[in-house]
Structures are given as structure tokens and as C-alpha cells.
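# Report on the structure
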Amino acid sequence: MAPTVPLALLVLVALLAPGLGVAFPSCDYPAHLWCSSREIAVACQAESRCANLSRPAAAPVELSLFYESLCPACRWFLVQQLFTAWLLLPSEALSITLVPYGNAQERNVSGKWQFQCQHGPEECLGNTIETCLMHEAKNFSTYFPVIFCLESGSSVTKNLEAVCPSPRPPHRGDVLIPLTSPCVPPSSCRPQCLQVYAPQLDANRITACVQGDTGADLMHRNAQLTEALDPPHQYVPWILING
């Protein structure tokens with residue numbers, strides 16, 4: 001009976017001398033190709049030794065935040081918790097959906113949607129501004145920093161054209177993130193939130209959305225998403241994980 005040779009030694013010999021490659025019965029590939037694909041590694045019983053063939057990445061955690069633009073607890077969670085987590089985690093680890101509506105109520109008057117919000121008309125305006133911002137920007141990485149700035153200032157509805165946090169916005173990978181009164185810089189620095197975080201966006205288009213039918217239709221969709229929660233939301237912020 002021939003002595004058993006450890007697989008690691010066989011691989012080492014094969015790598016050092018490809019012409020002497022040793023293969024398993026189901027493996028028709030030279031040793032230097034064993035880690036070139038998962039199928040070949042399995043056939044050659046070398047899968048556990050191929051570091052480049054790591055398991056597929058897990059699906060991202062899907063987090064949906066149902067909130068109100070002027071709700072103090074919502075603003076605290078978005079600014080202090082959610083935005084920080086988004087900055088620190090890899091982009092493929094967390095997928096976030098923002099739904100500004102919360103405890104609002106809607107009614108259709110002569111074919112047009114009207115809304116009544118828990119914290120009054122200004123909150124309805126703030127909800128619509130953020131919804132239209134998301135609609136225009138499309139990309140989460142573009143609009144979330146702007147919403148962070150809106151929510152972290154003294155007036156959500158005016159912060160789109162208010163002073164903003166710092167000479168440059170925080171980016172993924174930053175260790176120190178300005179989260180305390182971020183929209184109150186020195187008087188010598190007065191860039192707008194949109195100007196600092198998403199200068200490529202057209203403020204006029206956002207305004208047109210807010211004042212037109214598009215904004216109302218988008219808010220109606222937020223109402224539908226909120227009302228479809230099962231179980232129904234009991235308060236805000238209402239956080240849904242992988243739902």
C-alpha cells in the first residue's frame with residue numbers, strides 16, 4: 001500500500017513543478033488552476049485551500065425608517081444614529097429606505113391630495129422637501145447627507161438654503177464626524193446644505209416638485225407605504241429591519 005501524502009505537500013510540489021501536478025480522479029486540471037474557479041476547486045477537492053474563493057457576501061441589512069421631519073426623536077435617530085452607522089459601515093452592508101410621513105393623515109380633495117401632519121404645516125413641508133429631494137437625486141449617497149443637514153439644523157424647512165456643517169461634508173471612512181450643532185458654523189462660512197452636499201442638484205427642480213402635483217403624489221405614496229405596515233406603526237421613528 002502506497003504511503004499517503006498530505007494534500008498540502010502535493011499542492012506545494014505541484015506549484016513548484018507544474019509539470020508534476022497531482023490531481024484527484026475527478027480533477028482534469030493542473031494544480032496551478034485549482035483555485036481559478038469554484039467549480040475546479042470543488043472537482044479537485046481544494047476548495048478549502050483557495051482563499052480567493054471566499055463565500056458570497058451576505059445580503060445587506062435592509063433598514064426602512066418611517067419618520068416625520070420635525071419629530072424630535074426622529075431627528076435624533078437619523079442624525080446621531082443612522083447617519084453615523086451609514087458612514088462607518090461598508091456600502092454593501094446596509095441598505096436604507098427613508099419614508100417621511102409618520103403620523104400624518106391625507107385626504108383627496110377634488111382630485112388633489114392634501115395632508116395634515118402631527119407637527120403642523122411646516123412638518124408637511126419638511127416631509128415634502130425631503131421626499132422631492134430623494135426623487136430628484138435618485139442616488140442615496142447623494143441625498144442622505146443633504147437630509148442629514150436638513151434634520152440637524154434649527155429649521156428643517158429652511159436648511160436647504162441655510163448654513164451647513166463644515167468646510168467639507170463627512171464622507172464614508174471618516175473617524176470624526178461633526179454631529180453637535182452641525183449647521184451652525186462660524187459666520188464667515190455660510191454655504192447652503194444643497195450647495196455643500198449635492199451641488200449638482202437643481203434647487204429649482206426640487207422647489208417645483210414641492211409646490212406641484214409631483215410632490216403631492218410622492219407624499220401619497222409615502223402614505224401608502226406607511227399604511228401598509230404590518231403590524232401598523234404605533235409611533236415614530238418606526239424602524240423596520242429586513243421587512
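See above for the structure.
Calculation notes
- Residues numbered from 1 in each chain as written.
- Predicted model: local features only at pLDDT ≥ 70, side-chain atom pairs only at ≥ 80, totals over all residues.
- Heavy atoms only, no water.
- Phe/Tyr/Trp six-rings, centres within 6.5 Å; stacked < 30°, edge-to-face > 60°.
- Helix = DSSP H or I, 4+ residues; strand = E, 2+ residues; numbered from the N terminus.
- Buried < 20%, exposed > 50% of the residue type's maximum accessible area, 1.4 Å probe, protein only.
- Pairing = 2+ DSSP bridges.
- Axes fitted to C-alpha atoms, helices over the stretch in contact; angles between N-to-C directions.
- Contact = heavy atoms within 4.5 Å.

### Concerning the packing of aromatic side chains
- Counted by the stated rule, this structure contains ten aromatic pairs.
- With 5.3 Å between their ring centres and 65° between their planes, Phe83 and Phe144 make a pair best called edge-to-face. Here Phe83, found in helix 3 (residues 72-88), pairs with Phe144, found in helix 5 (residues 140-152); they are 61 residues apart in sequence, far enough to count as distant. For the residue pair Phe83 and Phe144, the accessibility class agrees, reading buried in each case.
- Here the aromatic rings of Trp86 and Phe144 are separated by 5.4 Å at their centres, their planes lie at 75°, and the arrangement is edge-to-face.

### Looking at the sheet that holds strand 2 (residues 94-100)
- The strand order across the open sheet built from three strands is 2-1-5, with neighbouring strands paired in mixed fashion. The open sheet terminates on both sides in strands that have one partner only, identified here as strand 2 and strand 5 (238-241). Sheet twist, expressed as the mean angle between neighbouring strand axes with direction ignored, is 15°.
- Here strand 1 (residues 61-67) runs beside strand 2; their pairing, made up of seven bridges, is parallel. Bridge pairing in strand 2 places Glu62 opposite Ser95.
- Running over the sheet, helix 3 touches strand 1, strand 2 and strand 5 and is turned about 160° from strand 1.
- The sheet contacts of helix 8 (residues 213-227) involve strand 1 and strand 2, and relative to strand 2 the element is tilted by about 110°.

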